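Given next are the chains, with one letter for each unit.
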Amino acid sequence: MKWAPLPIVRLQLAGRLRQAAIDLHAGFVRDLDRGRGFLWWPVALGAGAAAYFSLLDDPPLASAIAFAGLALALGAWLICTNGSWRFALALVAFGAFGFAQADLVTHWVAAPVYDTERSVKLWAIVEAVEDRDRSGLRLLVQPRQMEPAPKVGMPLHIRMTVRGAKVLPEPGDGLLFHARLMPPSPPQLPGGYDFARTAWFQQIGATGFSYGAPEPWPDPPQASAWARLWRPVETLRLQVSQRIRSGLQGDAGGIAAALIVGDRGGIGKDTQDAMRAAGLSHILSISGLHMSLVAAAVFGGLRLLMALVPPLALTLPTKKIAAVAALLTTVAYFVISGMDVPSERSTIMVVVALLAVVADRQALSMRVIAVAALLTLILSPQAVMDPGAQMSFAAVVALLAANEARAAKEPDVRDAGDINWFIRLLHHAWHWTIAAMATSFIAGLATTPIALYHFGRLAPLSVLANLTVAPVVGFLIMPMALLVALAMPLGLEHWPLQAMGYGIDMMIAVARIAAEWTPSGGYVGRPSAVGIALVSFGGLWLCLWTGRKRWAGVALMLVGVITAVLAPAPGGIVSGDGRLLMLRDPQGTLHLVGKGERFASTLWLSSTGSGVPYKDPSVRGGVACDSEACVLAGSTGNSLAAVVFAYPAFSDECGRAKLIVSALDAPAWCKGSVVLSRAELDRSGAQFFDVDAAFWGGTGPFRYRESARVLGDPPRIWYAKEPPYRLP
């Protein structure tokens, strides 16, 4: 065998690379000519908003103005130019606009946030009621008076937990609370769920609980105009929820109320955990699945009824009439479900699809989803950080991309209809089963990276569980839910509600079986944000482009998986309130140091992939607690770390424990240890940190390195006691 001379090989290689570059450019041009570039506009818009919300420090006003100016300048340039850089300029313009829009909306909704934790007397008007059975009531109230008065202004809304109430309050009632209030809590770990940010956009300025049952406030002042307008809707939601749960007991009634009016308070913790482990928890939150099923039932049912009347079918645009009716039903469902962010996002998607039907366009296409994503991000830019929004759009985009790929390879061939009806039935059942399995698999695959990052757990049996319950939800639960809503004004909801309950019981049984068969509850730990970002971008590249170039997305996804798996875990976590500490020793064993703090402890353990209870002896080894401190002892009995609750413990631990954490201000004479006291933690919030081997085995100094924190300098506006600026 003769080898070609090296110069010829180089020329051949250069020629092939040149031809590959030409083909790649031609492929991009072909996709852009077909309008595929439009699909990347919401991606750029979301990337700009995500960049804004991911910043540690609050950006100055000048940055928002600069990004808005950049977006306007690039937009003007795009109008005036026809060059090949239009696509790149459009992406930069949408990214800049996303950043500026996120900043604008963030400051537009600015409202006072309670500044500290304090016991108060609170006079307030009830806005919404959620009956959580054994957990008491969760109320959303509008405060009108408070003693002592808040320093930074009265919050617009407060979320209260009430136990022991003998009478269920109704929206519009005035109540007097003896309450403990606090600001909405920041994330319990860097990159974790940010309730403070969520509360900011809901204009909830404080949370708290009532000491005992609240007292009636006989003559409360008039509520705000919006509260008065919304009160009949909340009253109706409460009455419907109570009626459903009285007619359907237990978790079945709680789930039925959640699916019809968005009230999830009646679902037990065990059932919720089982649904999460089985990968079925998305069914409990009103989302695109429920909106689309309701819209499809109304659309298909109305078209069928009009088709049975020949004069209507022959003279009227029945398809458009049915689409308008389904649209109005979807909007009504959105209102009665509470108009929260997940249902808002889903309503936009379904409404855009139905408007496409009215306009004689394809109802479900990538362009329709892109329009829905643009509207969602413009109206609610914070949705880009919401796990539900991320998973919803990821699943829909993946399914549409798979359908596009299938349609490109397999023409739509229909049978001639001259075969036996039983064979036709089997044929359709087989194709429906394959389609359902493929749908569950593709949607599960698309949402797995997002679920892993936010929840630190996998649902390995989710495909089987979703495949099993899909026909139950689609053909029994949701149609019966629609019948319940239609029959309830006539008092005829009993039998549809019972049928709905049978379906829900079957779904719960599947969830519990899948949860029992899931090892360790599915906890695998939280991967790195960079790795998940690469996987997500690779998935978008695979779905939004066509041709061979799309497979570069698979390479990006593989790089993301490797990055996520190989990223080192933090050596420890300290809570922002200085009451809890978790350390990972060189053998990988976790040590929880502190008392109580059930929520933070459980969250930390699940983020590491450990599903053990927070009181399990395996994570409390070597830890001794008394009323003044909790101390982690080393293998030789020396004090490694201490969480101090009382000042006298400083005299025992300073200079003896290598690491001291406290919610108190450490005395100035406390030397010889790394001390994280209230002053430091108020500036940083929860921290990830690493320690070197000297911490565990040596007697001399060790190295402490902070690797991530929650708060910046200045902190984000939703954490700040005094926001940097407000829009009028």
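Residues numbered from 1 in each chain as written. Predicted model: local features only at pLDDT ≥ 70, side-chain atom pairs only at ≥ 80, totals over all residues. Heavy atoms only, no water.

### As for the state of the cysteines
Okay, step 1: One pass over the full model with this rule turns up two disulfides.
Okay, step 2: A disulfide bridge connects C625 with C630, and the sulfur atoms are separated by 1.9 Å. Its torsion about the S-S bond being 115°, the disulfide of C625 and C630 is classed as right-handed.
Okay, step 3: Judged by relative accessible area, which is 42%, C625 ranks as partly exposed.
Okay, step 4: Judged by relative accessible area, C630 falls into the buried class, the value being 0%.
Okay, step 5: The disulfide partner of C654 is C670, and the gap between their sulfur atoms is 1.9 Å. Measuring handedness by torsion sign, the sulfur bridge of C654 and C670 sits at about -100° and is left-handed. Of the two residues, C654 sits in the loop between α21 (648-653) and β13 (659-662) while C670 sits in the loop between β13 and β14 (674-676), which places them 16 residues apart along the sequence. With respect to burial, C654 and C670 carry one shared label: buried.
Okay, step 6: Sequence-ordered numbering of the bonded cysteines in the protein gives a pairing of 1-2, 3-4. (Disulfide = S-S within 2.5 Å. Buried < 20%, exposed > 50% of the residue type's maximum accessible area, 1.4 Å probe, protein only. Helix = DSSP H or I, 4+ residues; strand = E, 2+ residues; numbered from the N terminus.)

### Quick word on the packing of aromatic side chains
Okay, step 1: Within the structure shown, the criterion is met by 18 aromatic pairs.
Okay, step 2: Centre to centre, the rings of Y52 and F99 are 5.3 Å apart; their planes meet at 90°, and the pair counts as edge-to-face. Here F99 lies in helix α4 (residues 86-108) and Y52 lies in helix α2 (residues 41-54), a separation of 47 residues in the sequence.
Okay, step 3: A relative accessible area of 7% means that F99 is categorised as buried.
Okay, step 4: Consider the rings of F537 and W541, whose centres lie 6.2 Å apart with planes at 50°: the pair is tilted. Taken as a pair, F537 and W541 lie in helix α18 (residues 529-544) at a separation of four residues, close to a single helical turn.
Okay, step 5: Taken together, Y52, F53, F99, F201, W718 and Y719 form an aromatic cluster joined through their ring pairs. (Phe/Tyr/Trp six-rings, centres within 6.5 Å; stacked < 30°, edge-to-face > 60°.)

### Section: a nonpolar patch on the surface
Okay, step 1: Where nonpolar side chains cluster on the molecular surface, the patch consists of L304, L305, L308, V309, L312, L316 and I321 and spans about 600 Å² of accessible area.
Okay, step 2: By secondary structure assignment, the location of L312 is in helix α10 (residues 310-315).
Okay, step 3: Residue L312 is classed as partly exposed on the basis of its relative accessible area of 32%. (Patch = residues over 30% accessible without salt bridge, like charges linked within 9 Å, V, L, I, M, F, W, Y side chains within 5 Å. Areas by Shrake-Rupley, 256 points an atom, 1.4 Å probe, with all protein chains shown as cover. Salt bridge = Lys/Arg side-chain N within 4 Å of Asp/Glu carboxyl O.)

### Quick look at the sheet that holds β14
Okay, step 1: One open sheet holds the five strands; their spatial order is β10-β11-β12-β13-β14, and the pairing between them is mixed. A single partner strand is all that each edge strand has here, and the edge strands are β10 (623-625) and β14. Strand-to-strand twist of the sheet, defined as the mean angle between neighbouring strand axes without regard to direction, takes the value 15°. (Pairing = 2+ DSSP bridges. Axes fitted to C-alpha atoms, helices over the stretch in contact; angles between N-to-C directions.)

### Some thoughts on the layout of surface pockets
Okay, step 1: Space inside the second largest pocket adds up to approximately 960 Å³.
Okay, step 2: Considering the residues around the second largest pocket, the lining is formed by 37 residues, among which R526, P527, S528, A529 and A567 are closest to the centre.
Okay, step 3: Elements with a contribution of two residues or more to the lining of the second largest pocket: α15 (421-455), α18, α19 (552-566), β7 (572-574), β8 (580-584), β15 (687-691) and β16 (704-709).
Okay, step 4: Top element by residues in the lining of the second largest pocket is α19. It accounts for five residues.
Okay, step 5: Classifying every residue of the lining of the second largest pocket by side-chain character gives 25 nonpolar, nine polar and three charged. (1 Å grid on protein atoms, 1.4 Å probe; cavity = no way out; pocket = protein on both sides within 12 Å on 5 of 7 lines; lining within 4 Å. Points joined across faces, edges and corners; volume = space filled by probe spheres on them. Nonpolar A, V, L, I, M, F, W, Y, C, P; charged D, E, K, R; others polar.)

### Here's the deal with the side chain of R36
Okay, step 1: Assignment of secondary structure puts R36 in the loop between α1 (6-33) and α2.
Okay, step 2: Reaching out from R36, the side chain makes a polar contact with the backbone oxygen of C543 at a distance of 3.5 Å.
Okay, step 3: Residues contacting R36, with those up to four places away along its chain left out, are D31, E404, C543, L544, W545 and T546. (Polar contact = N/O pair within 3.5 Å; in protein donor to acceptor, adjacent residues only side chain to side chain. Contact = heavy atoms within 4.5 Å.)

### A few points about the sheet that holds β7
Okay, step 1: Reading across from one edge, β9-β8-β7-β15-β16 is the order of the five strands in this open sheet, with antiparallel pairing throughout. The sheet is open, and its two borders are formed by β9 (590-594) and β16, each paired with just one other strand. Strand after strand, the sheet turns through a mean of 20° between neighbouring axes, direction not considered.
Okay, step 2: Relative to β16, β15 runs antiparallel, the two sharing five bridges. By the bridge assignment for β16, Q687 is matched with R709.
Okay, step 3: Against the sheet, helix α20 (residues 598-607) contacts β7, β8 and β9, and its axis sits at roughly 20° relative to β8.

### Describing the pairing of strand β2 (residues 137-147)
Okay, step 1: Sheet topology places strand β1 (residues 118-131) next to β2; 10 bridges connect them, and they run antiparallel. Bridge pairing links V126 to V141 in β2.
Okay, step 2: With five bridges connecting them, β2 and strand β3 (residues 157-162) associate as antiparallel partners. Across the sheet, residue L140 finds its bridge partner in β3, namely R159.

### A short note on α19
Okay, step 1: Between the first and last C-alpha of α19 there are 21 Å, a value that for 15 residues agrees with the 21 Å anticipated at 1.5 Å per step.
Okay, step 2: Within α19, the full set of buried residues consists of G553, G560 and A564. Along the axis of α19, the buried residues cluster in a sector spanning 30°; they form a single face. Among the exposed residues of α19, those pointing more than 90 degrees away from its buried face are L558, V565 and L566. (Expected span 1.5 Å × (residues − 1). Arc of directions from axis to C-beta.)

### Digging into the confidence of the model for the protein
Okay, step 1: On average, residues of the protein score 83 in pLDDT, and 92% of them reach the 70 mark or higher.
Okay, step 2: By mean pLDDT, the top-scoring element of the protein is α2 (93), and the lowest-scoring one is α1 (70). (pLDDT = per-residue confidence, 0-100.)

### Concerning the packing of helix α7 (residues 250-261) against helix α17 (residues 494-517)
Okay, step 1: Between α7 and α17, whose axes approach to 9 Å, the crossing angle comes to 105°. As the angle between them shows, α7 and α17 are arranged roughly perpendicular. Together, D251, A252, I255, A256, L259 and I260 of α7 and L497, M500, G501, I504, D505, M507, I508 and R512 of α17 make up the contact between the two elements. (Parallel < 35°, antiparallel > 145°, perpendicular 65-115°, else oblique.)

### Quick look at helix α8 (residues 269-277)
Okay, step 1: Those residues of α8 that sit buried are T271, Q272, A274, M275 and A277.
Okay, step 2: Against the buried residues of α8 lie α7 and α17.
Okay, step 3: Following α8 by one or two positions, G279 adopts a phi angle in the positive range, close to 75°.

### Points about the packing of α18 against α19
Okay, step 1: Relative orientation of the contacting elements α18 and α19 amounts to 165°, with a least axis distance of 7 Å. As far as their axial angle goes, α19 and α18 are roughly antiparallel. In the crossing of α18 with α19, the sense of the turn from one axis to the other is left-handed. Here V530, G531, L534, V535, F537, G538, G539, W541 and L542 of α18 come into contact with α19, specifically with A552, G553, V554, L556, M557, V559, G560, V561, T563 and A564.
Okay, step 2: When its residues are assigned to classes, the contact of α18 with α19 shows 13 nonpolar, six polar and no charged. (Left-handed = near helix turned anticlockwise from the far one by under 90°.)

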